[in-house]
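Residues per chain are reported as follows:
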Amino acid sequence: MNQGSHGPLHVSLPTTVARAGQTQDSGSAAFPRKRDADYVFYELTRSICPECRRVVDAHILLRDNKVYMRKRCPEHGIFEGLVYGDAQAYTSNARFNKPGTIPLAFSTEIRQGCPHDCGLCPDHQQHVCLGIIEVNTACNMDCPLCFANAGAGFNLTLEEVEGMLDHLVETEGHPEVVQFSGGEPSIHPQIIEMIRMAKQRQIKYVMLNTNGKRIADDDAFLEQLNEVRPAIYFQFDGFECETYSILRGEPDILSQKLRALDRLAQIGLYVVLVPAIAQEVNLHEVGKIVSFAIEHPAVRGINFQPAFYSGRYGAHDPMQRLTIPDILKALQEQTDDLFKVSDFVPVPCCFPTCNSVTYALIDGDTVLPLPRVLNVEDYLDYVTNRAVPDLSEDIKTALEGLWSSSAVPGSSKAAQQFAISCAACGLSDGLDLVAFARNIFMIMLQDFMDPWTFNQKNLMKCCKEILLPDGKQIPFCAYNNVGYREQAREQLQARERRRNQARRMGVPYTPEPLTFSFEHVSGSRPISPGVKGSVNGHEA
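Residues numbered from 1 in each chain as written. Predicted model: local features only at pLDDT ≥ 70, side-chain atom pairs only at ≥ 80, totals over all residues. Heavy atoms only, no water.

**Q** A description of empty space enclosed by the protein should follow, citing residues and the corresponding values.
**A** In the structure shown here, the tally under the stated rule is 7 cavities of 30 Å³ or more. Of the pockets and cavities examined, the second largest cavity occupies roughly 140 Å³. Every residue lining the second largest cavity is listed: V83, Y84, Y90, R321, T353, C354, D447, F448, M449, T453, N455 and N458. Across the lining of the second largest cavity, the residue classes tally to 6 nonpolar, 4 polar and 2 charged. (1 Å grid on protein atoms, 1.4 Å probe; cavity = no way out; pocket = protein on both sides within 12 Å on 5 of 7 lines; lining within 4 Å. Points joined across faces, edges and corners; volume = space filled by probe spheres on them. Nonpolar A, V, L, I, M, F, W, Y, C, P; charged D, E, K, R; others polar.)

**Q** Break down the packing of aromatic side chains for me, with residues and values.
**A** Applying the stated rule across the entire model yields 15 aromatic pairs. Centre to centre, the rings of F308 and F448 are 5.3 Å apart; their planes meet at 55°, and the pair counts as tilted. You can see F308 sitting in the loop between β11 (299-306) and α9 (324-334) and its partner F448 sitting in the loop between β15 (440-446) and α14 (456-459), a full 140 residues away along the chain. Here the two residues F308 and F448 agree in accessibility, since each one is buried. Joined through ring pairs, the aromatic side chains of F147, F308, F448 and F476 make up one cluster. One Lys or Arg, R70, reaches over the ring of Y39 and ends 5.2 Å from the middle of that ring. (Phe/Tyr/Trp six-rings, centres within 6.5 Å; stacked < 30°, edge-to-face > 60°. Helix = DSSP H or I, 4+ residues; strand = E, 2+ residues; numbered from the N terminus. Buried < 20%, exposed > 50% of the residue type's maximum accessible area, 1.4 Å probe, protein only. Lys NZ or Arg CZ within 6 Å of the ring centre and 35° of its normal.)

**Q** Outline the nonpolar core, listing residues and values.
**A** Residues I133, F180, L273 and F304 are the most contacted members of the largest nonpolar core, which totals 124 residues. Not counting the four nearest positions on each side in its chain, F180 is found in contact with I133, V135, V161, P185, I191, M194, I195, A198, V206, M207, L208 and N209. Listed in part, the 13 residues of the second largest apolar core include L145, L247, V281 and A307. (Core = buried A, V, L, I, M, F, W, Y, C linked by side-chain atoms within 4.5 Å. Contact = heavy atoms within 4.5 Å.)

**Q** Any chance you could break down the layout of surface pockets for me, citing the residues and the numbers?
**A** There is about 370 Å³ of room inside the largest pocket. Lining the largest pocket we find 20 residues, and of these D86, A89, N93, L328 and V341 sit closest to its centre. Every element with two or more residues in the lining of the largest pocket is listed here: α1 (87-92), α9 and β12 (345-346). In terms of residues, the lining of the largest pocket owes the most to one element, α9, which gives 4 residues. A breakdown of the residues in the lining of the largest pocket according to their chemical character gives 9 nonpolar, 6 polar and 5 charged.

**Q** Account for the packing of helix α2 (residues 158-172) against helix α3 (residues 191-200), with residues named and values stated.
**A** Across the interface, α2 lies against α3 with an axial gap of 10 Å and an inter-helix angle of 25°. It follows from the interaxial angle that α2 and α3 lie roughly parallel. Every pair of crossing elements has a handedness; the one defined by α2 and α3 is right-handed. Residues L158, V161, E162 and L165 of α2 form the contact with α3, whose participating residues are E193, M194, M197 and A198. Residue classes in the contact of α2 with α3 are distributed as 6 nonpolar, no polar and 2 charged. (Axes fitted to C-alpha atoms, helices over the stretch in contact; angles between N-to-C directions. Parallel < 35°, antiparallel > 145°, perpendicular 65-115°, else oblique. Left-handed = near helix turned anticlockwise from the far one by under 90°.)

**Q** Lay out the pattern of salt bridges in plain terms, naming residues and giving numbers.
**A** Under the criterion given, the structure shown has 21 salt bridges. The salt bridge involving R312 is made with D142; its shortest N-O contact spans 3.4 Å. Of this pair, R312 sits in the loop between β11 and α9 while D142 is found in the loop between β5 (130-134) and α2, placing the two residues 170 residues apart along the sequence. Judged by relative accessible area, R312 falls into the buried class, the value being 18%. Classification of D142 by relative accessible area gives exposed; the value is 56%. The network of salt bridges with common partners includes E160, D470, R495 and R499. (Salt bridge = Lys/Arg side-chain N within 4 Å of Asp/Glu carboxyl O.)

What follows is the structure, given as structure tokens:
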């Protein structure tokens, strides 16, 4: 039937019709057999078109024990991508979905609806566990895989960062973690002052996200880091030249990274290794990364991140992406069960399929994951509430602190929470937490969404926010996929240019707040708003 036809409807009937009381083979031409779909329709959500970024309905489908997203853009057609490599885990992980914590204040109003009111708007279901400040766009590398699409652009000023930190304190009261990122934040000329400002505001943990190049080669910078003592979030993808050639465009960078790690160990700074894991590139190296991390004196944890396709990336097949279950399986196989899939528990503060984590106590050659001595699920099962009646609330609170995006391995707080969690294991009351912290090792897996897997349901529970000048706090996966990053970069770059112009003229410059527009025209990306500001009282 032609769907565009408005004429009479003609239906062809079978030439042979069974009489009453007669039976007929259900598979015959007269009665074609209906068939089931090759998938289970699990839920309806909203996503975006990978081409034009407009918001569209999306189906979550379960097929062959994997989870897929299928969606249709009225202009660009149907898209399908793999979301999660284990459908059984995906559906059962819902019980770890912890009630959200409401921030002290919201920064934007509800006008257009999610994901165009970021943020945080009152529709958002979680506060900021981790605030991320991208202090620049420039980088001393040119990685083929870079979600930030690092390059020439802007540097934030001390005044802008100060305002962002003050606003975070206003909305959070006592923020847990701030991470300085980029670009490459270590090359910002005022990064040390920015770290110092965050510490002055009693933010508990301040992190520097870095590729390690400046740490490896700059003695003066290493000395400055020793003074302000941030935690180090360290790009480290493996050990093979081909890995670094494909992911970073620098096949011989490993020796520089190892030198940086050794220098950090010399001054006693704690490090979390951050490997981006890509299919057919370095999945075979995850076990070796774990062995190295356990042995290295500076490293307190690993955050494995499956490669996602936002920003700058090479050719990829969205149906063959790597997901958290794939890395967990590889970890178990490559470590000979030193870490098992069953040792990992979803992080409840965000949507449970976004993160998974475990902690282990390292004692010589013994590696003891916490879930093997304590049934963590009994405490963190928020849906079925299977916990036994006399469970200690202190233990539950401690586990919630460890199984959180704000957890910092190597910190005294993490050690204390681990010790409380293991109270039933016979730990000494007089435990030296500082020494104990050195023996706790974390492995986290963190999956970020891209335009093929973007799920509004996950976004509304996101607890990792990009902090912007003028007070906006935008969920990480919205910032990278919906159009916020491109518009913010354009406006901040223009703001810096106008500020420099005003400085040369010797006049004050007052920038207009950042604004975002998501109106679409056929075949286009979101339209960027105009960039304004006033120089000496005149609109620029």
